[in-house]
Amino acid sequence: MARDERGVTPQSEDFSAWYNELVFKAELVDRGPVRGTMVIRPYGYRIWELLQADMDRRIKETGHVNAYFPLLIPESYMQREAEHVEGFAPELAVVTHAGGKELEEPLIIRPTSETIIGEMMAKWISSHRDLPMLLNQWANVVRWELRPRMFLRTTEFLWQEGHTAHADEADAMAETMLALDLYAHVARDIAAMPVVEGEKTPGERFAGAQRTFTVEGMMRDGRALQSGTSHFMGTNFARAFGIRYAAESGNEEFCHTTSWGMSARMIGGVIMTHGDDKGLVLPPLLAPYQVVIVPIGRGDQAEQVLPPATELADRLRRAGIRTHVDNRPQLSPGFKFNDWEMRGVPIRLELGPRDLAAGTTLMSTRLGEGKTPVSLDLAPARLELELTAFQSLLLQRATEFRDDHTSTVDSWDEFAEAVKTGWALAFGCGSSECEDDIKAATGATPRCIPAEGALEEGMCVRCKQPSAYGKRLIFGRAY
RNA sequence: CGGGACGUGGCGCAGUUUGGUAGCGCACUUGACUGGGGGUCAAGGGGUCGCCGGUUCAAAUCCGGCCGUCCCGACCA
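Residues numbered from 1 in each chain as written. Chains lettered and ligands numbered in written order. Predicted model: local features only at pLDDT ≥ 70, side-chain atom pairs only at ≥ 80, totals over all residues. Heavy atoms only, no water.

Engineer: Hey, could you go over the sheet that holds strand β7 (residues 133-142) for me, with residue numbers and the actual values?
Structural biologist: The strands making up a sheet associate through hydrogen bonds between their backbones, and the pairing can be parallel or antiparallel. One open sheet holds the 11 strands; their spatial order is β3-β7-β8-β14-β11-β10-β9-β22-β23-β21-β20, and the pairing between them is mixed. Sheet topology places β3 (65-66) and β20 (406-408) at the edges, where each strand pairs with a single neighbour. Sheet topology note: the strand β9 (residues 196-199)/strand β22 (residues 445-450) ladder contains two bridges and is antiparallel. The residue of β22 that forms the bridge with Gly198 is Pro450. Strands β9, β10 (211-218), β20 and β21 (423-426) of the sheet are contacted by helix α12 (residues 379-404), whose axis makes an angle of about 40° with β20. (Pairing = 2+ DSSP bridges. Helix = DSSP H or I, 4+ residues; strand = E, 2+ residues; numbered from the N terminus. Contact = heavy atoms within 4.5 Å. Axes fitted to C-alpha atoms, helices over the stretch in contact; angles between N-to-C directions.)

Structure (structure tokens):
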């Protein structure tokens with residue numbers, strides 16, 4: 001059954017093939033020459049810019065300031081926090097030669113910047129008056145991944161990493177939760193991904209952190225995607241890097257630090273949360289083009305149709321709608337319809353001689369079936385409403401999907417069945433041996449201890465020991 | 001690192017078994033027609049067949065070695 005090579009493999013046939021073909025066909029990315037690297041093409045990068053702009057604004061609104069730290073980190077820095085080194089050692093890229101000779105000390109290409117930022121914080125902080133120190137940087141990092149996947153796991157990726165230092169533990173914990181809320185907001189209100197906020201179990205914690213929090217989204221194949229993390233480091237890094245301050249009492253104290261990150265992986269989450277067999281479905285707030293106008297007609301007709309199409313686009317843009325006129329002359333309208341559907345444009349407008357005569361334009365939404373005539377005069381206001389509705393529809397759909405694919409289970413059989421297609425809410429005993437056993441048997445891991453879960457106790461779904469954490473965990477297979 | 005597949009115009013592939021002038025589809029260029037759901041016809045351009053070596057009158061094809069990529073497993077935002 002030869003699939004039309006212009007389309008993508010249906011999700012139901014092979015979700016992974018669907019994703020893989022789509023990221024290339026929608027021109028989001030191309031492969032880099034080095035294994036596991038990714039070129040983010042203009043259409044894909046625009047999505048990142050839109051996500052980034054919103055996040056950056058909120059990071060600043062909450063009192064953080066941007067800075068930039070070097071890509072190259074002395075190898076010795078990595079060694080200072082025992083768990084941190086151990087966690088990252090297998091995926092480090094190391095520069096051993098430069099300037100034509102071997103370096104005295106190898107340099108690590110940052111996999112994350114706790115160490116170098118910790119080193120600088122130690123230098124910059126001396127008094128409680130210097131605290132809290134609230135830093136953020138937008139950067140690329142490199143982790144030598146064994147099994148790359150576009151956006152989800154690439155050797156080099158783009159992200160934002162927040163690093164903060166606080167006088168006391170309560171402040172640092174509040175900061176950790178603030179960052180988590182920020183991620184939940186970006187996911188829900190911008191990406192229309194109904195994420196669950198929660199805490200990681202010890203086995204899933206960040207290397208060197210005391211507590212790790214996460215926002216987890218559910219993809220359309222039922223798997224979970226960690227879409228942002230926030231870590232409370234306690235004084236671990238402060239001790240390793242000497243981040244100390246003189247308290248009001250005059251005593252010298254260690255700072256409490258946090259770090260938190262959200263990456264371009266989020267784009268993978270958007271693709272897998274909303275996409276369908278026709279291609280991408282982009283939330284209006286992240287769509288490079290929210291509306292695409294396809295003029296219909298050629299020759300004399302084209303000359304008649306293009307000016308009104310351009311004028312309509314201008315009016316929509318003035319209303320704040322990102323609009324594009326597809327005036328590629330050599331392509332048929334039908335081709336363009338399919339093309340923009342593949343690229344996930346929320347709303348398409350057709351404008352031809354018949355519409356012009358009627359003073360309307362034919363509107364199709366990416367998720368709807370039919371076409372609706374819309375008055376040209378009222379188009380800007382109407383489309384604003386449509387886009388807002390489209391954005392909420394996506395969140396609603398995704399929420400329903402997630403709820404339909406989440407089951408509360410108490411028996412092992414139910415559990416094993418549930419994690420094949422979605423999430424299981426079940427009790428865990430808290431031992432990492434038991435978690436490993438569950439993973440080996442089903443591929444599922446505890447995604448988080450959900451912040452909003454009801455308080456209850458029970459028996460571990462696997463070993464029947466008393467439950468830990470006082471609530472059910474979310475288990476699922478993950479990316 | 002283990003298992004599987006593959007390297008041939010930009011992309012997707014056939015050709016390899018059985019050695020004999022490098023092909024097809026899409027894309028591209030030009031022209032005409034066409035245009036409201038992936039257009040038609042005609043004429044063109046473009047390839048050291050992954051690399052190195054060997055066998056042979058002759059290698060994409062046979063032999064040896066190397067490199068690379070993709071897919072499936074163990075690590076991860």
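Let's pick the thread back up.
Engineer: Describe the pattern of salt bridges, naming the residues involved and giving the relevant values.
Structural biologist: In a structure, side chains of opposite charge can pair up when their charged atoms sit close to one another. The full count for this structure, using the stated rule, is 28 salt bridges. For Arg447, the salt bridge is made with Glu216, and the minimal N-O distance between the two is 3.2 Å. Highlighted residues: Arg447 in strand β22 and Glu216 in strand β10, separated in sequence by 231 residues. Relative accessible area serves as the criterion here: at 4%, Arg447 is assigned to the buried category. A residue is classified by how much of its surface remains accessible, and Glu216, at 1% relative accessible area, is buried. Residue Glu252 is joined to Arg244 by a salt bridge in which the shortest nitrogen-to-oxygen separation is 3.7 Å. Classification of Glu252 as exposed rests on a relative accessible area of 61%. Take Arg244: its relative accessible area is 35%, and that puts it in the partly exposed class. Several salt bridges share partner residues, and in doing so they unite Glu27, Asp326, Arg328, Lys336, Asp339 and Arg343 into one network. (Salt bridge = Lys/Arg side-chain N within 4 Å of Asp/Glu carboxyl O. Buried < 20%, exposed > 50% of the residue type's maximum accessible area, 1.4 Å probe, protein only.)

Engineer: Please set out the protein's contact with RNA strand B residue by residue, giving values where relevant.
Structural biologist: Taken together, the neighbourhood of RNA strand B is formed by 40 residues, with Arg6, Arg265, Arg298, Glu341 and Asp355 sitting nearest. Near the protein, within 4 Å, the atoms of RNA strand B are sugar or phosphate in 37% of cases. Listed by contribution, the elements that provide at least two residues to the surface near RNA strand B are α1 (15-25), α10 (333-342), β17 (347-351) and α11 (353-358). Counting residues per element, the surface near RNA strand B draws most heavily on α10, at seven residues. Among the residues making up the surface near RNA strand B, the classes are represented as 12 nonpolar, 11 polar and 17 charged. (Near = heavy atom within 4 Å. Nonpolar A, V, L, I, M, F, W, Y, C, P; charged D, E, K, R; others polar.)

Engineer: Please give an account of the pairing of β10 that cites residues and values.
Structural biologist: With seven of eight residues buried, β10 is to be regarded as a mostly interior element. Where β9 meets β10, four bridges bridge the pair, whose relative direction is antiparallel. Within the sheet, the bridge partner assigned to Val196 lies in β10 and is Glu216. Bridge count between β10 and strand β11 (residues 224-234): eight bridges; the pairing is antiparallel. Residue Glu216 lies in a different strand from β11, and its bridge partner there is Gln226. The hairpin turn running from β10 into β11, its antiparallel successor, is five residues long, and Gly222 in that turn takes a positive phi close to 85°.

Engineer: Kindly report on the side chain of Ser263, identifying the contributing residues and their values.
Structural biologist: Structurally, Ser263 is set in strand β14 (residues 256-263). Ser263 gets classed as buried once you look at its relative accessible area, which sits at 13%. Residues contacting Ser263, with those up to four places away along its chain left out, are Trp48, Phe157, Leu158 and Trp159.

Engineer: I'd love a proper account of the packing of helix α13 (residues 412-421) against helix α14 (residues 432-442), names of residues and values included.
Structural biologist: Contact geometry of α13 with α14 gives a least axis separation of 11 Å together with a crossing angle of 60°. One way to sum up the angle between α13 and α14 is to call them oblique. With respect to the hand of their crossing, α13 and α14 are arranged in right-handed fashion. From α13, Trp412, Phe415, Ala416 and Val419 reach across to α14, where they touch Ile438, Ala441 and Thr442. (Parallel < 35°, antiparallel > 145°, perpendicular 65-115°, else oblique. Left-handed = near helix turned anticlockwise from the far one by under 90°.)

Engineer: I'd love a proper account of the pairing of β22, names of residues and values included.
Structural biologist: The buried count for β22 comes to six of six residues, which makes it a mostly enclosed element. Where β22 lies against strand β23 (residues 473-476), three bridges are found, and the strand directions are antiparallel. Paired with Thr445 across the two strands is Gly476, which belongs to β23.

Engineer: Help me get a handle on the side chain of Arg366, residues and values and all.
Structural biologist: Along the chain, the position of Arg366 falls in the loop between β18 (360-365) and β19 (372-375). From its side chain, Arg366 meets the backbone oxygen of Leu280 in a polar contact 3.1 Å long. Aside from chain neighbours lying at most four places away, what touches Arg366 is Asp276, Lys278, Gly279, Leu280, Val281, Glu341, Gly344, Val345, Pro346 and Phe390. (Polar contact = N/O pair within 3.5 Å; in protein donor to acceptor, adjacent residues only side chain to side chain.)

Engineer: Pulling in residues and values, what's your account of helix α8 (residues 265-274)?
Structural biologist: In terms of burial, α8 is a largely internal element, 10 of the 10 residues being buried. The complete set of buried residues in α8 reads Arg265, Met266, Ile267, Gly268, Gly269, Val270, Ile271, Met272, Thr273 and His274.

Engineer: Hey, could you go over the packing of aromatic side chains for me, with residue numbers and the actual values?
Structural biologist: Tallied over the full model, the rule gives 12 aromatic pairs. When the ring of Phe157 is compared with that of Trp159, the centres are 5.6 Å apart and the planes differ by 85°; the resulting orientation is edge-to-face. Judged by relative accessible area, which is 16%, Phe157 ranks as buried. A relative accessible area of 11% places Trp159 in the buried class. By way of ring pairs, the aromatic residues Tyr43, Tyr289 and Trp340 are connected into one cluster. (Phe/Tyr/Trp six-rings, centres within 6.5 Å; stacked < 30°, edge-to-face > 60°.)

Engineer: Which residues make up the environment of Pro42, and what values do they have?
Structural biologist: When you line up the elements, Pro42 lands in helix α2 (residues 42-61). In this structure Pro42 comes out as exposed when scored by relative accessible area, which is 69%. Along the backbone, Pro42 and Glu341 are 299 residues apart, and their C-alpha atoms lie at a distance of 17 Å.

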